[in-house]
Amino acid sequence: MKKDKYFEIALNTSTSKIFNELKNIKESSDAKKNEIRRRWIWELIQNASDCTPKDSSINISLEVAYDRISFSHDGTPFSYDNLFSLITQCSEKQLSEDKLTGKFGTGFMSTFLLSEIVELEGTFICENGNRTDMNFTIDRTNGTYPDIRNKTEEMLSELDTLNHSTNGDMEKVNKTKFIYNLNGTPESLAAVKQGVDDLIASLPYLLAFNQNINSINYNGLIYERATTDSIPSPLDRNIFSIKTNNVENDTPKYILCLKRNNVTIACPVTYDFDTALLSFLRIPENMPKLFCNFPLIGSEDYAFPIIVNSDLFDVEIDRNAIRDGNAENKKIIEEAVYLYKKLIDYCTDNVTTRDEFKICLLKSGQYYGLQKYCYDEIKDYIEKKPLIPINSPSSDYERMSYLDDSGDIQIHLPKAKKGDNDLLFWELFTDGGYVNIPTRDTFLGWRKVFGGNFYLEHINSMLKEMNIAEFNGYFKDEFKTCEWLNRFYSLWVDDESMEEVIISAFVPTQENNFRHVSNVSCDSNINEELKGILFELDSSYKKKLLNLNISAFDSFYEKNPLKLQDTKSCADLIEHKVTAILSEETVNQAERNNEVQVTFNKLTDFFLKEPKLAEDFLPKSLSKRMLLSTPEETLRRMKIAEKVERNGIDMKGLDELINNQQQIKNILANPQLDLEQIRELLKHVVTSTSEMRKYFEALLERSVSNVYSYLKELQRYSLPTTLEEWKANQYTETIFPIKKDEKELTIVIRPTDGDQIIFHDDGELEVLDSTEYELWTDNGTEQKNITLGDLLKTTGISKIPLRKL
């Protein structure tokens, strides 16, 4: 090889370049080394793509073993200029009119991370056009500056020999192979794994974007282009698929591509061609977002939610980014944003798309230039588009936007501190009747897009100064509300710890209002009768006791016994209150009101029923029990007891009477009930106990006798001689025949004790539905004929709906 000063200058330039690249590989930071590990496979594939013959395509093969990597392609063989560039790392691709992305620039140096020696096999095209067999070695071992210079000079000499080979013209079999014998170092092993992983992940996009490559064979598994189908839309939307020769898993992988003006945006999908259901798949976080027919390693965090490809991108020299100030790049990104918006429109206009959150993920960051433009445009667009499927009991597929037209958030995205609690929080939220939350299977995805905006603490803040009934009208009763609250408190404690929750928690008391837990004690099985007495003496005590249905704080109260209230502490407070009242009456001659007397009566009753508890817990009040009841009160109670006893009613029967009387009052006072409902409820109450029935029969017997005696004295009425004769002809126990002014009619007899009439059976109503009847009542002392006018006046009814007659 002839050497002149220009050759020496070129050799020195090449040596410096190679020396610096090798130092860069060996001495870079871990982050930079990781980027280099990912580049080697793409440098080989790019260079192979540049060897594609015109109007043709190539096939690539990658064989990976523990100690050896073989990369080959069937493109145009090595020429003198190719091998010269590979040896010197001086590329002429920028002078070429062809669109070349690799062609043995400095990027090829990344492959030396695998091995410092690369063996080349295949066909070589000499400068005179002859083809010869090639077995060539690139050696970068002992990478000092002199060693690199000497070995480069030796390899150029070997190249010159190869170029003048006299083997003659070979058969046209194009198969170029790069062989790396792995040295087994952690660096080379990590590089192999990272490169292969990236290749498998990016293969669908590589085959979709790069028409030069027909197939890639990785250890016998062949990936090749399958079909391209268009889905109906105003834009060119293509479903691109690749297939493999794996008979066990031959399911195609689909890529959705939108193309316009030499710009393509793409994302992975599943697509059912029968139902047209399009479901988006997740793009791996380490997937480059920018492609220039090949992935730009380092663009993984680019501010675009899916992948953008254009072979017009002006890229940085390391092919890890695009130049932000380049005018062509700006046009490409603007076109990509336009296409993305059209894809979002397609989703909102069709109910056959699913999992849109997977194409809406934007990593937040301090963006500027083109990336800021991308981020702002896309974020503003997806926030106001109805993309989010809402959890709804209805069967309709309803979607809403994250922001409403005014820019206010209208979608709830609960977020717990522990990731394991997120779905439990979602269930709690939806079980509480709250609305505008994504469906269970999309909730975490949309929250990743927009972030959390509703926290467990927010629920607690809602409880302050609220009544348990006001808090959530979704539940039908207090027990169900407390059941839900227990789940909330338990989840909150698990998420943050009891110590943190106690600082701010509001809990329901036995007054059913929420108070800060620091002001609330636990009801440790307080005797219910004593507690009721204390509630009457001091109503504020209800505010100080935790609702009995709340159990989530049991462990806290167990560790804090001073926060427990038991029967003893309750009794001590009663003793204190009773002593204060009696002292006030003695010292200041205060007059005892009726409410206090009623409470004292309950206390003296407790002394009689629970003598042992009274002696143990209420010794002071017990010793003053004679002061708890005035002579007048004692006499009044004795009269009541005597009347009850005279009517043959025992304690159980008395309880039943009182209970049923209260039920009757509640039924009659309920404005929500119609006549039929009242009738059925009253019928149930009246016949619900044997004691009540006996009591009613006694009242009815008395009323029939009194009405008979009263009517017997009136001249207009004709009755049998005796009551027994009249009863012998009665229709029912309350319905009797009678003559008035020689005219037949029917009367209904009803007791009116308690100043109310309760009808017992349907026969009475049938009689009252006729025109020939009279309703007679008796309260034990007075007999009356009740007319419709009487009923209207006494009930205050001024409007009678007739629609149900």
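No experiment lies behind these values; they were computed from the predicted model shown.

**Focus on the overall build of the chain**
Link 1 in the chain: Along its length, the chain carries 26 helices and 26 strands.
Link 2 in the chain: Counting every position in the chain, which comprises 805 residues, the buried fraction comes to 45%.
Link 3 in the chain: Of all intrachain contacts in the chain linking residues separated by at least 6 positions in sequence, the fraction that spans at least 24 positions is 61%.

**Some words on the packing of helix 14 (residues 528–537) against helix 16 (residues 567–587)**
Each pair of packed helices gets described by two things: the angle between the helix axes and the distance between those axes.
Link 1 in the chain: Two elements in contact, helix 14 and helix 16, have axes whose closest approach is 10 Å; the angle formed by their N-to-C orientations is 40°. As summarised for this structure, helix 14 and helix 16 are arranged oblique, according to the angle between their axes. Read as a crossing pair, helix 14 and helix 16 show a hand that is left-handed. In this structure, helix 14 contributes Leu530, Lys531, Ile533, Leu534 and Leu537 to the contact, and helix 16 contributes Thr567, Cys570, Ala571, Leu573, Ile574, Lys577, Val578 and Ile581.

**Quick word on the confidence of the model for the chain**
Link 1 in the chain: Chain-level statistics for the chain give a pLDDT mean of 85 and a share of 85% at 70 or above.
Link 2 in the chain: The secondary structure element of the chain with the lowest average pLDDT is helix 20 (residues 631–646), at 60, and the one with the highest is strand 14 (residues 307–309), at 97.
Link 3 in the chain: Throughout residues 93–97 the model reports pLDDT below 50, and contacts reaching past four residues in sequence, or to other chains, amount to four contacts.
Link 4 in the chain: Low confidence marks residues 99–105, where pLDDT is under 50. Its contacts with residues over four positions away, or in another chain, come to 31 contacts.

**A few points about the pairing of strand 2 (residues 68–73)**
Link 1 in the chain: When you tally the buried positions in strand 2, you get five out of six residues, the bulk of the element.
Link 2 in the chain: The pairing of strand 1 (residues 58–64) with strand 2 spans five bridges and is classified as antiparallel. What sits directly across from Glu63, in strand 2, is Ser70.
Link 3 in the chain: As consecutive antiparallel partners, strand 1 and strand 2 are separated by three residues.
Link 4 in the chain: The sheet contact formed by strand 2 and strand 6 (residues 176–181) spans six bridges and is antiparallel. What sits directly across from His73, in strand 6, is Thr176.

**Quick look at the packing of helix 1 (residues 5–27) against helix 2 (residues 30–49)**
Link 1 in the chain: Remark: helix 1 packs on helix 2, axes separated minimally by 8 Å, with the N-to-C direction vectors making an angle of 115°. As far as their axial angle goes, helix 2 and helix 1 are roughly perpendicular. In this structure, helix 1 uses Asn24, Ile25, Lys26 and Glu27 to contact helix 2, whose residues at the interface are Lys32, Lys33 and Ile36.
Link 2 in the chain: Class assignment of the residues belonging to the contact of helix 1 with helix 2 gives a composition of two nonpolar, one polar and four charged.

**A look at the pairing of strand 8 (residues 221–230)**
Link 1 in the chain: With four bridges connecting them, strand 7 (residues 213–218) and strand 8 associate as antiparallel partners. Across the sheet, residue Asn217 finds its bridge partner in strand 8, namely Ile222.
Link 2 in the chain: Where strand 7 folds back onto strand 8 in an antiparallel hairpin, the turn is made up of two residues, including Asn219, whose phi is positive at roughly 50°.

**Details of the sheet that holds strand 22 (residues 717–718)**
Link 1 in the chain: Within the open sheet, the five strands sit side by side as 22-23-24-25-26. Their pairing is mixed. Looking at which strands have only one partner, the edges of the open sheet turn out to be strand 22 and strand 26 (783–786).
Link 2 in the chain: Examined bridge by bridge, strand 25 (residues 773–778) and strand 26 share four bridges and lie antiparallel to one another. What sits directly across from Asp778, in strand 26, is Gln783.

**Things to note about the pattern of salt bridges**
Link 1 in the chain: Counted according to the given criterion, the structure contains 38 salt bridges.
Link 2 in the chain: For Arg260, the salt bridge identified is with Glu335, shortest N-O distance 2.4 Å. Within this pair, whereas Arg260 is found in strand 10 (residues 253–260), its partner Glu335 is found in helix 6 (residues 327–349), the two being separated by 75 residues in sequence.
Link 3 in the chain: The buried category is assigned to Glu335, whose relative accessible area is 11%.

**Describing the nonpolar core**
Link 1 in the chain: Counting residues in each nonpolar core, the largest one holds 120 residues, and the members touching the most others are Ile45, Leu83, Leu120, Phe136, Phe178 and Phe304.
Link 2 in the chain: Core analysis: the next-biggest nonpolar cluster, separate from the first, contains 39 residues, Ala416, Leu463, Leu485 and Val520 among them.

**Remarks on helix 14**
Link 1 in the chain: Buried within helix 14 are the following residues: Leu530, Lys531, Ile533, Leu534, Phe535 and Leu537.
Link 2 in the chain: Elements in contact with the buried residues of helix 14: strand 20 (522–523), helix 16 and helix 17 (594–609).
Link 3 in the chain: Backbone nitrogen of Glu529 and a side-chain oxygen of the N-cap are separated by 3.0 Å at the start of helix 14; the cap is Asn527.

**Thoughts on unusual backbone geometry**
Glycine aside, negative phi is the norm for most residues, and most peptide bonds take the trans geometry.
Link 1 in the chain: Unlike most non-glycine residues, Asn262 shows phi in positive territory, near 65°.
Link 2 in the chain: Tracing the chain through its elements places Asn262 in the loop between strand 10 and strand 11 (263–272).
Link 3 in the chain: Judged by relative accessible area, Asn262 falls into the partly exposed class, the value being 41%.
Link 4 in the chain: Positive phi, close to 65°, is recorded for Ala276, a residue that is not glycine.
Link 5 in the chain: Among the secondary structure elements, Ala276 is positioned in the loop between strand 11 and strand 12 (277–280).
Link 6 in the chain: Its relative accessible area of 30% is what places Ala276 among the partly exposed residues.

What counts, and where the lines are drawn
Residues numbered from 1 in each chain as written. Predicted model: local features only at pLDDT ≥ 70, side-chain atom pairs only at ≥ 80, totals over all residues. Heavy atoms only, no water. Helix = DSSP H or I, 4+ residues; strand = E, 2+ residues; numbered from the N terminus. Buried < 20%, exposed > 50% of the residue type's maximum accessible area, 1.4 Å probe, protein only. Contact = heavy atoms within 4.5 Å. Axes fitted to C-alpha atoms, helices over the stretch in contact; angles between N-to-C directions. Parallel < 35°, antiparallel > 145°, perpendicular 65-115°, else oblique. Left-handed = near helix turned anticlockwise from the far one by under 90°. pLDDT = per-residue confidence, 0-100. Pairing = 2+ DSSP bridges. Nonpolar A, V, L, I, M, F, W, Y, C, P; charged D, E, K, R; others polar. Salt bridge = Lys/Arg side-chain N within 4 Å of Asp/Glu carboxyl O. Core = buried A, V, L, I, M, F, W, Y, C linked by side-chain atoms within 4.5 Å. Polar contact = N/O pair within 3.5 Å; in protein donor to acceptor, adjacent residues only side chain to side chain.

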